[in-house]
Amino acid sequence: QVQLVESGGGSVQAGGSLRLSCAASGRTFSSYGMGWFRQAPGKEREFVVGINLSGSTTYYADSVKGRYTISRDNAKNTVYLQMSSLKPDDTAVYYCAAKFAGIITIRNTNVDYWGRGTQVTVSS
């Protein structure tokens, strides 16, 4: 069992930046692929980015390529999402996710654990 807790959300102006963090419980964090999803009001949850167990490989949705960067620190059981050049369309609840011994991609969005989400609001 794994618990995921997101933090770092908030309200920013268009063009601004935010850094989200996801802290995971357990001693086997490095055995999980990690990722971020988001859900805007009235829309389905969508894949944003995934990262493999070691952090050597990443997969980004086209909508965030060049603006978002995912990273992980296995020693701290934490995954990060650095968001820059934010747009109003980025407004959503952002969810951290974990997949045991697997990679989360846009083609494989099944996950084993979800965080409760953190709100990101971008105003223009």
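Look up a bit, the structure's there.
Let me begin by describing the structure that accompanies this report. (Residues numbered from 1 in each chain as written. Predicted model: local features only at pLDDT ≥ 70, side-chain atom pairs only at ≥ 80, totals over all residues. Heavy atoms only, no water.)

## Some points on the sheet that holds strand β3 (residues 18-24)
So, point 1. The antiparallel open sheet is built from 4 strands, whose spatial order is β1-β3-β8-β7. With one partner strand each, in any of the chains shown, β1 (4-7) and β7 (68-73) form the two edges of the open sheet. Strand-to-strand twist across the sheet, computed as the mean angle between neighbouring axes with direction ignored, equals 15 degrees.
So, point 2. By the bridge criterion, 4 bridges tie β1 to β3 in an arrangement that is antiparallel. Looking at the pairing, leucine 4 lines up with alanine 24 of β3. (Pairing = 2+ DSSP bridges. Helix = DSSP H or I, 4+ residues; strand = E, 2+ residues; numbered from the N terminus. Axes fitted to C-alpha atoms, helices over the stretch in contact; angles between N-to-C directions.)

## Looking at the packing of aromatic side chains
So, point 1. Applying the stated criterion across every chain yields a total of 5 aromatic pairs.
So, point 2. A ring pair is formed by tyrosine 32 and phenylalanine 100, whose centres lie 5.3 Å apart and whose planes are at 70 degrees; its orientation type is edge-to-face. A residue pair is termed long-range when its members are at least 10 positions apart, and tyrosine 32 in strand β4 (residues 32-39) and phenylalanine 100 in strand β9 (residues 92-100) qualify at 68 residues.
So, point 3. Tyrosine 32 sits in the buried class, given a relative accessible area of 8%.
So, point 4. Taking the centre distance of 6.1 Å and the plane angle of 65 degrees together, the rings of tyrosine 32 and tyrosine 113 count as edge-to-face. Taken together, the residues tyrosine 32 in strand β4 and tyrosine 113 in strand β10 (residues 113-114) connect sequence positions 81 residues apart.
So, point 5. With a relative accessible area of 24%, tyrosine 113 lands in the partly exposed category. (Phe/Tyr/Trp six-rings, centres within 6.5 Å; stacked < 30°, edge-to-face > 60°. Buried < 20%, exposed > 50% of the residue type's maximum accessible area, 1.4 Å probe, protein only.)

## What about the pairing of β4?
So, point 1. Of all the 8 residues making up β4, 7 are buried; the element is thus mostly covered by neighbouring parts of the structure.
So, point 2. Where β4 lies against β9, 8 bridges are found, and the strand directions are antiparallel. By the bridge assignment, glutamine 39 is partnered in β9 with valine 93.
So, point 3. As paired strands, β4 and strand β5 (residues 46-51) are joined by 5 bridges and run antiparallel to one another. Its bridge partner being in β5, arginine 38 is matched across the sheet by glutamate 46.
So, point 4. Counted between consecutive antiparallel strands, the loop separating β4 from β5 contains 6 residues, among which glycine 42 sits at a positive phi close to 75 degrees.

## A short note on the pattern of salt bridges
A side chain of one charge can pair with a side chain of the opposite charge when the charged atoms of the two come close.
So, point 1. In this structure the tally under the stated criterion is 4 salt bridges.
So, point 2. As a salt-bridge pair, glutamate 46 and arginine 38 come within 2.7 Å of each other at their nearest N and O atoms.
So, point 3. Aspartate 90 is the salt-bridge partner of arginine 38, the closest N and O atoms lying 2.9 Å from each other. Of the two residues, arginine 38 sits in strand β4 while aspartate 90 sits in the loop between β8 (78-83) and β9, which places them 52 residues apart along the sequence.
So, point 4. A single salt-bridge network, built from bridges that share partners, covers Arg38, Glu46, Arg67 and Asp90. (Salt bridge = Lys/Arg side-chain N within 4 Å of Asp/Glu carboxyl O.)

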